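Here are the chains, one letter per residue:
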Amino acid sequence: MGLLRNSICAMALSLFAASAGNAATLLEPTLHLKPQGAEGRGRVALTLDACGGKTDTRILSALVDNRIPATIFVTGIWLKRNAEAVEIMRAHPDLFELENHGGRHIPAVDTPQKIYGIRSAGSPGAVQAEVESGAAALAAAGQAPKWFRGATAEYSPSAIAMIRKLGFKIAGFSVNGDGGSLLGAKETARRIGAAKDGDVIIAHINQPTHAAGEGVVQGLLALKQKGMTFVRLDDAEGVGNDGTTD
Ligand SMILES: [Zn+2]
């Protein structure tokens, strides 16, 4: 009995610690498309993050020239600094779907902590502000986002619930194409080129000086060569885990 009481005490203490603002367990949700199966040679969704910084015109030109559709997750910061690229994307509504990557590229984690060195939003109110300011920046650019992807693509479970309540689906992924734009061209091309039917690829379109961008283009052309079809998130039934889409 004493042992039982002690373990209940320990449980109560750990619950208290969690509610007192300790670092939350983070989720990195996945997203898959319904596989096409035997009917075709497969389809994938290419998602590209524009976190801040500039535009990788190697990727943007390759998408336009090869008619490869993509879902671009943009922040308010990036939208402000990349008017020319936004213009090109808006001129090709059949290719580009612009979605919400937050107002200021702050991780959608409602407890104070650092993720890959980036300070989290830190409170429910700050997560909400990040999501809503990103949506407002897109609305000002004539877009109506339906998907959200937070900076670092990691979330606290309670932040996921809140973002869903705000009306957004959360865009996980199944293939990490460029390792945060830090991989070399060869490895990036290998990862993207290996995507299978139903995969959702994540890579970056805001690092024009990184070798990874060259690999993104090579990988995409390899997939196209194999007869893979590219779809945007709006055009496919994406199914995520951790309560991100249902
Ligand atoms: Zn980002």
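By the naming in an unreviewed UniProt entry, the protein chain goes by Chitooligosaccharide deacetylase and is assigned to Mesorhizobium plurifarium. Looking at the protein chain in UniProt, the text filed under Sequence similarities (unreviewed entry) is "Belongs to the polysaccharide deacetylase family."

With respect to the overall build of the protein chain
Counting secondary structure elements, the protein chain contains eight helices and twelve strands. Computed over its C-alpha atoms, the radius of gyration of the protein chain comes to 19 Å, within 12% of the 18 Å expected for a compact globule of 246 residues. Dimensions of the protein chain, computed from the C-alpha atoms along their principal axes, are close to 70 × 40 × 30 Å. Burial statistics for the protein chain: of 246 residues in total, 49% are counted as buried. When contacts within the protein chain are restricted to residue pairs at least 6 apart in sequence, long-range pairs at least 24 apart make up 79% of them. Put simply, the protein chain shows about 11600 Å² of open surface, and 56% of that area lies on carbon and sulfur atoms. Charged side chains in the protein chain number 25 positive and 24 negative. The centres of these two groups are separated by 3 Å.

Regarding the environment of Gly53
With respect to the element layout, Gly53 can be found in the loop between strand E2 (43-50) and helix H2 (57-65). Between the C-alpha atoms of Gly53 and Asn206, which are 153 residues apart in sequence, the distance is 5.8 Å. Not counting chain neighbours up to four residues away, the residues in contact with Gly53 comprise Trp78, Arg81, Asn82 and Asn206.

Some words on the environment of Arg164
For Arg164, the location among the structural elements is in helix H6 (residues 157-165). Spatially, the C-alpha atom of Arg164 lies 9.2 Å from that of Phe148, the residues being 16 residues apart in sequence. Excluding its chain neighbours within four sequence positions, the residues that come into contact with Arg164 are Lys169, Ile170, Gly243, Thr244, Thr245 and Asp246. A polar contact is formed between the side chain of Arg164 and the backbone oxygen of Phe168, at a distance of 2.9 Å.

What counts, and at which threshold
Residues numbered from 1 in each chain as written. Predicted model: local features only at pLDDT ≥ 70, side-chain atom pairs only at ≥ 80, totals over all residues. Heavy atoms only, no water. UniProt positions renumbered as here; feature names shortened; annotations may be inferred. Helix = DSSP H or I, 4+ residues; strand = E, 2+ residues; numbered from the N terminus. Rg over C-alpha atoms; globule rule 2.2 N^0.38 Å. Buried < 20%, exposed > 50% of the residue type's maximum accessible area, 1.4 Å probe, protein only. Contact = heavy atoms within 4.5 Å. Areas by Shrake-Rupley, 256 points an atom, 1.4 Å probe, with all protein chains shown as cover. Lys, Arg positive; Asp, Glu negative; His and termini not counted. Charge placed at Lys NZ, Arg CZ, Asp CG, Glu CD. Polar contact = N/O pair within 3.5 Å; in protein donor to acceptor, adjacent residues only side chain to side chain.

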